[in-house]
Amino acid sequence: MAATEHAQNIKKDTKEWIALALLELLKTNRLSKLTVSEVVKKAGVSRMGFYRNYENLEQVLKEYYEPKFADIFNKIANQKNHEQKIADLTRFFVDLSKDFHMAIEGDYIGLFYQLFKSHVAQLYDDIIPFPDWTGAKRNYWIDFMSAGVFEIWVMWIKNGRKESIEEISTLIRLFHK
């Protein structure tokens with residue numbers, strides 16, 4: 001049993017080192033220009049260690065950021081007050097604005113959007129009371145809402161966060177009425 005626990009700790013450490021190395025390299029490189037070899041060298045792990053845990057570099061980012069997206073959407077799902085939901089989502093984008101900026105610069109913002117959209121879909125599936133919430137109606141609504149809200153925040157970050165948080169939150173409230 002101890003050996004299994006030790007192996008699990010090594011796997012956890014390896015994944016953490018890989019994620020941290022990738023994030024460090026992304027500060028100065030686009031994701032599409034990075035190689036697994038560069039990441040494992042920076043992480044101090046073997047290629048075999050990488051491929052035991054991941055299929056590609058995108059998967060590293062997905063696994064690293066998924067819990068961050070899940071945390072905020074779980075919090076939002078449990079809020080009864082619509083205003084608090086928007087405030088929590090605002091805090092999420094503000095707190096992760098450096099990560100979003102890096103994703104924009106590193107050309108992997110689409111990965112963030114996919115995470116965001118999957119959580120928006122789950123949120124709407126949990127809260128929409130319509131009996132006909134299926135097929136095209138569901139898919140178009142989720143695409144519309146997730147793309148719109150996401151793009152507002154991404155534009156705000158791209159533009160150097162010139163508008164106040166209150167202005168952006170007010171704009172998002174208009175779309176959610």
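Residues numbered from 1 in each chain as written. Predicted model: local features only at pLDDT ≥ 70, side-chain atom pairs only at ≥ 80, totals over all residues. Heavy atoms only, no water.

As recorded in an unreviewed UniProt entry, the protein goes by the name AcrR family transcriptional regulator, listed as coming from Paenibacillus glycanilyticus.

*Asks:* Explain the UniProt feature "domain: HTH tetR-type" (unreviewed entry) in the protein to me, please; I cannot follow it from the model alone.
*Replies:* When the UniProt feature table is mapped onto this chain numbering, "domain: HTH tetR-type" (unreviewed entry) sits at residues 12-72. Within the segment residues 12-72, helix and strand shares are 75% and 0% respectively, and the terminal C-alpha atoms sit 23 Å apart. (UniProt positions renumbered as here; feature names shortened; annotations may be inferred. Helix = DSSP H or I, 4+ residues; strand = E, 2+ residues; numbered from the N terminus.)

*Asks:* Help me understand the packing of helix α4 (residues 57-77) against helix α7 (residues 109-127) in this model?
*Replies:* Helix packing for two helices is described by the angle between their axes and how far apart those axes are. Interhelical geometry of α4 versus α7 gives an angle of 35° and a closest axis separation of 9 Å. As α4 runs across α7, the sense of the crossing is right-handed. Residues Glu-58, Leu-61, Lys-62, Tyr-65, Glu-66, Phe-69, Ala-70, Phe-73, Ile-76 and Ala-77 of α4 form the contact with α7, whose own contacting residues are Leu-111, Phe-112, Leu-115, Phe-116, His-119, Val-120 and Leu-123. Here the contact of α4 with α7 is built from residues that sort into 13 nonpolar, 1 polar and 3 charged. (Axes fitted to C-alpha atoms, helices over the stretch in contact; angles between N-to-C directions. Left-handed = near helix turned anticlockwise from the far one by under 90°. Contact = heavy atoms within 4.5 Å. Nonpolar A, V, L, I, M, F, W, Y, C, P; charged D, E, K, R; others polar.)

*Asks:* Please clarify how the packing of aromatic side chains should be interpreted in this entry.
*Replies:* Ring pairs (aromatic) are described by centroid distance and by the angle formed between their planes. For the coordinates displayed, the defined rule picks out 22 aromatic pairs. Note on Phe-69 and Phe-100: the rings are 6.3 Å apart at their centroids and 45° apart in plane angle, and the pair reads as tilted. Placement of the pair is Phe-69 in helix α4 and Phe-100 in helix α6 (residues 97-105), with a sequence separation of 31 residues. On the basis of relative accessible area, Phe-100 is assigned to the buried category, the value being 0%. Arranged with centres 6.4 Å apart and planes meeting at 70°, the rings of Phe-93 and Phe-150 form a pair that is edge-to-face. In this pair, Phe-93 sits in helix α5 (residues 82-95) while Phe-150 sits in helix α8 (residues 135-158), placing the two residues 57 residues apart along the sequence. For the pair formed by Phe-93 and Phe-150, the shared burial category is buried. (Phe/Tyr/Trp six-rings, centres within 6.5 Å; stacked < 30°, edge-to-face > 60°. Buried < 20%, exposed > 50% of the residue type's maximum accessible area, 1.4 Å probe, protein only.)

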